[in-house]
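Tertiary structure, described
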Amino acid sequence: QDEAFKKAVLDDLAKIGAKEKLQGFEIVKAVHLEPALWEPGSEVLTPTFKLQRSKAAVKYEKVIEQLYKALESGPRSKL
């Protein structure tokens, strides 16, 4: 994944959060940008575009763990 693009997305989300006066815990701090489209009837979407949560959780389990680890090793919150 392109880290510069990911940073640009996070920066945009932070600006929107600040504009909307979100609390610190409401602002996205890490993101995974999936390069492949989710097609209806695929691994994580039903033919009617419903998310199959259990399958998505299994597919992205390692990605989610890595995101949380990166957050834990980063700078601490000012709260």
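To keep things clear, this report deals only with the structure shown in the data block. (Residues numbered from 1 in each chain as written. Predicted model: local features only at pLDDT ≥ 70, side-chain atom pairs only at ≥ 80, totals over all residues. Heavy atoms only, no water.)

1. Focus on unusual backbone geometry
How we decide: The secondary structure listing takes helices from DSSP runs of H or I that are at least 4 residues long and strands from runs of E that are at least 2 residues long, numbered from the N terminus. Each residue is placed in one exposure class: buried if its accessible area under a 1.4 Å probe, protein chains only, is under 20% of its type's maximum, exposed if it is over 50%, and partly exposed if it falls in between.
With phi around 60°, Lys21 is a residue other than glycine that occupies positive phi space. You can see Lys21 is positioned in the loop between α1 (3-19) and α2 (53-59). Of the residues examined, Lys21 reaches a relative accessible area of 71% and is grouped as exposed. Positive phi, normally seen in glycine, also occurs at Phe49, with a value near 70°. Looking at where Phe49 falls in the secondary structure, it is placed in the loop between α1 and α2. Its relative accessible area of 59% is what places Phe49 among the exposed residues.

2. Some words on the packing of aromatic side chains
Each pair of aromatic rings is reported with the distance of its centres and the angle of its planes. Keep this limit in mind: Ring pairs shown here join Phe, Tyr and Trp side chains whose ring centres sit within 6.5 Å, with only the six-membered ring taken for Trp; geometry is labelled stacked below 30 degrees between planes, edge-to-face above 60, and tilted in between.
Summed over all chains, the structure comprises one aromatic pair. Between Trp38 and Tyr60, the ring centres sit 6.1 Å apart and the planes meet at 40°, which makes this aromatic pair tilted. Taken together, the residues Trp38 in the loop between α1 and α2 and Tyr60 in the loop between α2 and α3 (61-73) connect sequence positions 22 residues apart. Take Trp38: its relative accessible area is 37%, and that puts it in the partly exposed class.

3. Comments concerning the layout of surface pockets
Once rolled over the atoms, a probe with the size of a water molecule shows which space is left empty. Formally: The pocket and cavity definitions rest on a 1 Å grid over protein atoms only: a 1.4 Å probe that fits but cannot leave marks a cavity, an open set with protein on both sides within 12 Å along at least five of seven lines marks a pocket, and residues lining either have an atom within 4 Å of a point. Grid points are joined across faces, edges and corners, and a volume is the space filled by probe spheres set on the points.
Size it by volume and the second largest pocket reaches roughly 180 Å³. Forming the boundary of the second largest pocket are His32, Glu34, Trp38, Ala56, Ala57, Tyr60, Val63, Ile64 and Leu67. For the lining of the second largest pocket, the secondary-structure elements that each account for two or more residues are α2 and α3. Tallying contributions element by element places α3 first for the lining of the second largest pocket, with three residues.

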